[in-house]
Amino acid sequence: MTGEQPAAPETERTRASGAARRTAPEPARDRRPAADPVESAVPDRGTVRLALTVGGLVLALLAGFGLGRVNSGDTPAAGGGAPPATSAGDHTHPPGTGPHEHPAGPPAGPGGGAEPGGLSVSTAGYTLAPTSTTLTAGRAQDFRFQVRGPDRQPVTGYAVVHEKPLHMIIARRDLSGYQHLHPTMATDGTWSVPLTLPSPGIWRAYADFTALDASGGQLPLTLGVDLVVAGDYAPRPLPSPAREATVDKFTVTYEGTPQVGASQPLLFRVFAGGNPVTALEPYLGAYGHLVALREGDLGYVHVHPETELAGGAVKFWLAAPSSGRYRMYLDFQVAGAVHTAEFTLTVP
């Protein structure tokens, strides 16, 4: 009996060989589909622009924060805790400098002008330190003092303001006895000036100066201290307000009305024998110097005029620190001699 022979059974070897041919995996490098994009190691331009924009904003915020700290005064001035000084041009008063005040005090509240200076013996880290505050009536004595800085050492660096490094103003508490002096300084920072206080009472001495810090910055200040002259004190009443004053052979008038918190012009004219004086001379670099002291606390304001005469008049600009009564003292020079005209002013 004939028939077909059964197929030879598939051995393990042949099965493995066939499976290997049919299912052998491709090498690993070929597993990614050909259509898949390949990621780049370099960021695209949009990402770069976004990063630069964000970085710029961060730097701007940091810079603004740093400037804010500087402008707010968080950074101390060189040489101590004194606030930053104004620029040299503001206080050396070169030719052509306009009129200005030296109140040397902090700003007042709403509606007021700058607070007058000289109310304190110490401010902004600087202290007026006299060797003695007791004098004898009518006797010439050397008044000695130092200005000590934030480091408690004598200050020896001063800017020259109106031809002098320091101006000293003296007046009694009743606003009489005005004197404008110019002490001299020794190398150790000690100032001295011959001083005669003619009558008993309490007197006020003002040191008006501009200190130089280690970096050359300037800080204008006015410090004040009381001086005591023993004896019977008979205060003089303040003269009534008037727009005309007589000193030596001169008559001086003024025009203008100061206001609180607003600079107003004051024009002073000098006459001799009823005729305008046309030969006014510069005194300490200006045609006049005006000091105003406030009744009650003797707050101090020192005002400098315009550089040129205005129709023969010495023109100042003054903003009153507050309402009240003031005594004004005008220094002017004719034929080499300095004269002082005094006025009582009422500011409503």
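Please refer to the structure higher up on the page.
What counts as what
- Residues numbered from 1 in each chain as written.
- Predicted model: local features only at pLDDT ≥ 70, side-chain atom pairs only at ≥ 80, totals over all residues.
- Heavy atoms only, no water.
- Helix = DSSP H or I, 4+ residues; strand = E, 2+ residues; numbered from the N terminus.
- Buried < 20%, exposed > 50% of the residue type's maximum accessible area, 1.4 Å probe, protein only.
- Contact = heavy atoms within 4.5 Å.
- Areas by Shrake-Rupley, 256 points an atom, 1.4 Å probe, with all protein chains shown as cover.
- Core = buried A, V, L, I, M, F, W, Y, C linked by side-chain atoms within 4.5 Å.
- Pairing = 2+ DSSP bridges.
- Phe/Tyr/Trp six-rings, centres within 6.5 Å; stacked < 30°, edge-to-face > 60°.
- Salt bridge = Lys/Arg side-chain N within 4 Å of Asp/Glu carboxyl O.

(A) How the structure looks around the overall build of the chain. Per the secondary structure count, the chain includes 3 helices and 22 strands. Looking at the chain as a whole, 36% of its 348 residues are labelled buried. Within the chain, contacts between residues at least 6 apart in sequence are counted, and of these 64% link residues at least 24 apart. A total accessible area of about 19200 Å² is found for the chain, and carbon and sulfur atoms account for 56% of it.

(B) Broad picture of the side chain of Ser 192. Residue position: Ser 192 is located in strand S9 (residues 190-195). Beyond its immediate sequence surroundings of up to four residues, Ser 192 is in contact with Phe 143, Arg 144, Pro 183 and Thr 184.

(C) Seen up close, the nonpolar core. Residues Val 252, Phe 268, Met 328 and Phe 332 are the most contacted members of the largest nonpolar core, which totals 28 residues. For this core, the secondary structure elements donating two or more residues are strand S12 (244-247), strand S13 (250-255), strand S15 (264-272), strand S18 (289-294), strand S19 (300-304), strand S20 (314-320), strand S21 (324-334) and strand S22 (337-347). In terms of residue count, the dominant contributor to this core is S21 (5 residues). Setting aside residues up to four positions removed in sequence, Val 252 forms contacts with Arg 243, Glu 244, Ala 245, Val 247, Phe 268, Arg 269, Val 270, Leu 330, Phe 332, Ala 341 and Phe 343. Of all hydrophobic cores here, the second largest spans 27 residues; its members include Tyr 158, Leu 181, Leu 195 and Ala 207.

(D) Focus on the sheet that holds strand S10 (residues 201-212). With mixed pairing, 5 strands are arranged side by side in an open sheet as S4-S11-S10-S6-S7. A strand with exactly one partner marks an edge of an open sheet, and here the two such strands are strand S4 (134-135) and strand S7 (179-181).

(E) Structural detail: the packing of aromatic side chains. Throughout the structure, instances matching the rule amount to 11 aromatic pairs. Between Tyr 254 and Phe 343, the aromatic rings sit 5.3 Å apart at their centres with planes inclined by 85 degrees, giving edge-to-face as the arrangement. Of this pair, Tyr 254 sits in strand S13 while Phe 343 sits in strand S22, and the two are 89 residues apart along the sequence. Phe 343 sits in the buried class, given a relative accessible area of 1%. Here the aromatic residues Phe 143, Phe 145, Tyr 158, Trp 191 and Phe 209 are joined through ring pairs into a cluster of three or more.

(F) Local environment of the environment of Thr 134. Tracing the chain through its elements places Thr 134 in strand S4. Apart from residues no more than four positions distant in its own chain, Thr 134 is found in contact with Gln 141 and Val 228.

(G) Expanded view of the pairing of S12. Burial along S12 is one-sided: Ala 245 and Val 247 are buried, and none of Glu 244 and Thr 246, which face the opposite way, are. Alignment of S12 against S13, held across 4 bridges, turns out to be antiparallel. Bridging across to S13, Ala 245 finds its partner in Val 252. Between S12 and S13, which pair antiparallel and follow one another directly, the connecting turn spans 2 residues, one of which, Asp 248, has a positive phi of 50 degrees.

(H) Here's a closer look at the environment of Pro 305. Summarising the element assignment, Pro 305 is placed in the loop between S19 and S20. A residue is classified by how much of its surface remains accessible, and Pro 305, at 5% relative accessible area, is buried. Between the C-alpha atoms of Pro 305 and Phe 316, which are 11 residues apart in sequence, the distance is 4.3 Å.

(I) Seen up close, the pattern of salt bridges. This structure, assessed with the given rule, holds 9 salt bridges. The residue Glu 255 makes a salt bridge to Arg 269 at a minimum N-O spacing of 2.9 Å. Of this pair, Glu 255 sits in strand S13 while Arg 269 sits in strand S15; the two residues are 14 residues apart in sequence, bridging distant segments of the chain. Salt-bridge contacts for Glu 295 lead to Arg 325; the nearest nitrogen and oxygen are separated by 2.9 Å. In this pair, Glu 295 sits in the loop between S18 and S19 while Arg 325 sits in strand S21, placing the two residues 30 residues apart along the sequence. We classify Glu 295 as partly exposed; its relative accessible area is 37%. Looking at Arg 325, the relative accessible area reads 31%, which means it is partly exposed. Put simply, Glu 115, Arg 294 and Asp 297 are held in one network by salt bridges that share partners.

(J) Geometry of the sheet that holds strand S2 (residues 122-123). With antiparallel pairing, the 5 strands of this open sheet are ordered in space as S2-S3-S5-S9-S8. Two strands close off the open sheet at either side, each with one partner strand: S2 and strand S8 (184-185). With 4 bridges connecting them, strand S3 (residues 126-130) and strand S5 (residues 141-148) associate as antiparallel partners. Of the residues in S5, the one forming a bridge with Leu 128 is Val 147.

(K) The environment of Gly 256, seen in detail. By the secondary structure assignment, Gly 256 is in the loop between S13 and strand S14 (259-260). Judged by relative accessible area, Gly 256 falls into the partly exposed class, the value being 24%. Residues Gly 256 and Lys 315, 59 residues apart in the sequence, show an inter-C-alpha distance of 10.0 Å.

Nothing here speaks to function; it is all geometry.
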